[in-house]
Amino acid sequence: MNRQCLIPMILLLVASASAQDPPPPAEESSASTRYSLAVIDDATFYSGVPAHAPQILNQLLLEPNFAIRYKDRLTFSTSLIGLSATYDHTASTLRVKETYAGLSAGDFDISAGRKMVRWGTGYAFSAAGVLDPPRIPTNPSDRLNTNQGRDMIKADWVHGPHALTLAWSTAALAPAHSTLRDTTAFRYNVLVRGFDTSLIAGNDRGGDTFGALTFTRVVGQAWEVHGEAVWREQAAALIGAKCTLHSGVTFIGEFYTPPSTAYFRDLSISPLAGRQHYALFNAGKSRLRELPGWKEWDVSGSIVANLDDRSFVAVTDISRWFGTHFSSYVHIEIPHGSNTSDFGSARYDTATSAGVRFHL
Amino acid sequence: MSKIDLTLRTFLLAVTIAFLVAWAALGHAATAPDATALLKRSDSYRNGWPAYTLRVKITNYEASKSDEEHLYEVSQKGTDKTYVEFMSPREKGRHLLMLGDDMWIYLPDTSRPVRITPLERLSGDASNGDVARTNYAVDYSAEFLRAEKLGSQSCYVLNLTAKRKGATYQRILYWVRTEDARPLRAEFYLTSGKHIKSASFDEYKESAGHLLLRKLTLYDEIRHNSHSVLEYSDAAPRNLSDKLFYQGRSDRF
């Protein structure tokens, strides 16, 4: 084969090879947005309340969320809660669940505004979630989405499995009755050998210095274990596990022991009561697919108990979807215990909430 | 017959037998393809680039009647990082993250990222694992079983066995087309040996220079009147930051 033939062939091969090169990776489109809207009407019926107290609390909630991201670098997100509650009178409020702006550059992220962070690993209890919304063990999923974030400036550095976060949160905009303080907190998070582990340290201005260790780990096919160890004046600890069966039924158990200090103690607990011990047991299944016609149903039941005063509350949740946009639910709480106990001191015998949600 | 003739004849017979045996062995080896290479090639029909995004629409059918739709945006980087954003109204705000063998789900109504156990990956008509784990060569060891016809198409049948904890199924029987390793059919089995799902790989489509899977149907082998159709679209290579795949990030977009 002479050179005159060889050169065009080489050119042809090079051209065809370059034609097969993968196209260059595309940048994220300049701006992308997300939005959602939830409208909830929730009615709670109380039984066993004093004669002068209303027996029904009705809440109408409007919850719009909007977020925009520009070129993977700038983010703005807002999430509001409009609430109209009717009990002995009607009151309407507008709450800011989250509103923050973020800047991302290389391995660094900086955000400022009101936002939710979730550092605690507990399902129903948490001592390590120093900037988290409060955990309510009878309503750990915040079923009406009324939790609000903290006002903060937060800087993250993420590199491989390592992440460092420094956050400063101000209490200046917190409601007047709030016990929140300005908080400075640092967190190191790493995923190593399946352990999602965090070290947290910080200080409440004019208050406590704290430190915490958290972890989660999946064990075998069915188990997840999680825990928290916290020092804040005194030690608090949480250990929990989740087990999933082949049938899709999930069990969650937690044991939590906070010290009797002002920060950890629940309002219903006497300062003289000493260290408390709590337990949670939850069983649930989402989408009852095995039963014909029950695919749209989710059910779960929980017992939350104070092991010291032997009071407990039984909680049942049942929900059902109707099409793509509507769902309805029933949430029942039945407290039990003496009138001076943690859960028995509730001012009702039974609280039954029923509601309808619209999602867009 | 002289002694030399007998020796020569015996030698020639031995050579002939040795040749036939060697030929048969080589012939067999030629028909037993490299199962691992086939599996890697078949993965390329679902993972076109080292980092990419795509959309998946899942339509669930009960008794051949469509009863619900789900939409997901999937971002994948390498073979072990997948991030799934749930886009349909009833699941908005949910995210799924897979890092190697570990998986988390972010639910808007829970207070923390939730670790998912391997059994939870199986939940749903099309499971979390069906959407998020598409690199079979990373999760399974492949063994060539046989060559056979599937309809009019010649194919190899591979036996895939889970080799890591993150694999969604314990065993997969996998039919790939002989000529180009294109996946045609799969049967999925649990550790107990129970056959729980089957899949048919129905349509492929050219996308940004790659032939990629466009439609997959999953059949529920326990509830036989139920199946799910997964439709893939908008596949494109992307620069994806490692931060997208950080499990501690709660302010997900």
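Here is what the cut-offs are and how they apply
- Residues numbered from 1 in each chain as written.
- Chains lettered and ligands numbered in written order.
- Predicted model: local features only at pLDDT ≥ 70, side-chain atom pairs only at ≥ 80, totals over all residues.
- Heavy atoms only, no water.
- Contact = heavy atoms within 4.5 Å.
- Buried area = accessible area lost by both parts, 1.4 Å probe.
- Salt bridge = Lys/Arg side-chain N within 4 Å of Asp/Glu carboxyl O.
- Polar contact = N/O pair within 3.5 Å; in protein donor to acceptor, adjacent residues only side chain to side chain.
- Helix = DSSP H or I, 4+ residues; strand = E, 2+ residues; numbered from the N terminus.
- Pairing = 2+ DSSP bridges.
- Core = buried A, V, L, I, M, F, W, Y, C linked by side-chain atoms within 4.5 Å.
- Buried < 20%, exposed > 50% of the residue type's maximum accessible area, 1.4 Å probe, protein only.
- Patch = residues over 30% accessible without salt bridge, like charges linked within 9 Å, V, L, I, M, F, W, Y side chains within 5 Å.
- Areas by Shrake-Rupley, 256 points an atom, 1.4 Å probe, with all protein chains shown as cover.

### A look at the interface of chain A and chain B
Right, so step 1: Contact residues are listed per partner, giving 68 residues for chain A and 45 residues for chain B.
Right, so step 2: Carbon and sulfur atoms supply 47% of the area that chain A and chain B bury against each other, a total of about 4,800 Å² over both sides.
Right, so step 3: In this assembly, chain A and chain B are joined by three salt bridges.
Right, so step 4: Here Arg34(A) ties to Glu85(B) by a salt bridge, and the two come within 2.6 Å at their closest N and O atoms.
Right, so step 5: At the junction of chain A and chain B, the tally comes to 14 residue pairs in polar contact (both at pLDDT 80 or more).
Right, so step 6: Counting only elements with at least two residues in the side of chain A that touches chain B, the list comes to strand S1 (31-47), strand S2 (56-70), strand S4 (90-105), strand S5 (108-115), strand S8 (183-192), strand S10 (209-219), strand S11 (223-232) and strand S12 (234-244) of chain A.
Right, so step 7: At five residues, the largest contribution of residues to the side of chain A that touches chain B is made by S1(A).

### Concerning the pairing of strand S15 (residues 297-306) of chain A
All names here are of chain A.
Right, so step 1: When strand S14 (residues 278-286) meets S15, the two strands line up antiparallel, connected through nine bridges. Pairing of asparagine 282 across the sheet is with serine 302, part of S15.
Right, so step 2: Looking at chain direction, S15 and strand S16 (residues 311-322) are connected through ten bridges and run antiparallel. Considered in S16, the bridge of valine 299 is made with isoleucine 318.

### Here's the deal with unusual backbone geometry
Right, so step 1: Positive phi outside glycine occurs at Asn145(A), with the angle close to 55 degrees.
Right, so step 2: Tracing the sequence through the fold places Asn145(A) in the loop between S5 and strand S6 (150-159).
Right, so step 3: Non-glycine residue Asp234(B) carries a positive phi angle of around 55 degrees.

### Quick look at the nonpolar core
Right, so step 1: Core analysis: the biggest nonpolar cluster contains 48 residues, and Ile172(B) and Tyr174(B) have the highest contact counts within it.
Right, so step 2: Once residues lying within four places of it in the same chain are set aside, the contact partners of Ile172(B) are Tyr136(B), Tyr140(B), Leu158(B), Asn159(B), Leu160(B), Ala186(B), Glu187(B) and Phe188(B).
Right, so step 3: Val130(A), Leu131(A), Phe264(A) and Val313(A) belong to the second-largest nonpolar core, a separate cluster that totals 28 residues.

### So, the side chain of Asp132(A)
Residue and element names in this part refer to chain A.
Right, so step 1: Relative to the helices and strands, aspartate 132 is located in the loop between S5 and S6.
Right, so step 2: Given a relative accessible area of 11%, aspartate 132 falls into the buried group.
Right, so step 3: At a separation of 2.9 Å, a polar atom in the side chain of aspartate 132 contacts the main-chain amide nitrogen of tryptophan 119.
Right, so step 4: With sequence-adjacent residues up to four places away left out, aspartate 132 is seen in contact with Val117, Arg118, Trp119 and Gly120.

### A word on the environment of Phe358(A)
Residues and elements named next belong to chain A.
Right, so step 1: Along the chain, phenylalanine 358 turns up in strand S18 (residues 350-359).
Right, so step 2: Overall, the relative accessible area of 23% leaves phenylalanine 358 in the partly exposed class.
Right, so step 3: Here the alpha-carbon distance between phenylalanine 358 and aspartate 151, two residues 207 residues apart in the chain, equals 29 Å.
Right, so step 4: Filtering out sequence-adjacent residues up to four positions away, phenylalanine 358 remains in contact with Leu37, Ala38, Val39, His325 and Phe326.

### Focus: a nonpolar patch on the surface
Right, so step 1: On the surface, Tyr70(A), Leu74(A), Leu103(A), Ile110(A), Ile153(A) and Trp168(A) cluster together to form a nonpolar patch covering roughly 570 Å² of accessible area.
Right, so step 2: Here Ile153(A) shows up in strand S6.

### Structural notes on the side chain of Asp109(A)
Right, so step 1: Residue position: Asp109(A) is located in strand S5.
Right, so step 2: Taking relative accessible area as the criterion, Asp109(A) reaches 13% and is therefore assigned buried.
Right, so step 3: If we ignore the near neighbours within four places in the chain, the residues touching Asp109(A) are Leu103(A), Ser104(A), Lys154(A), Ala155(A), Asp156(A), Lys243(B) and Arg249(B).

Geometric values such as these leave the question of function open.
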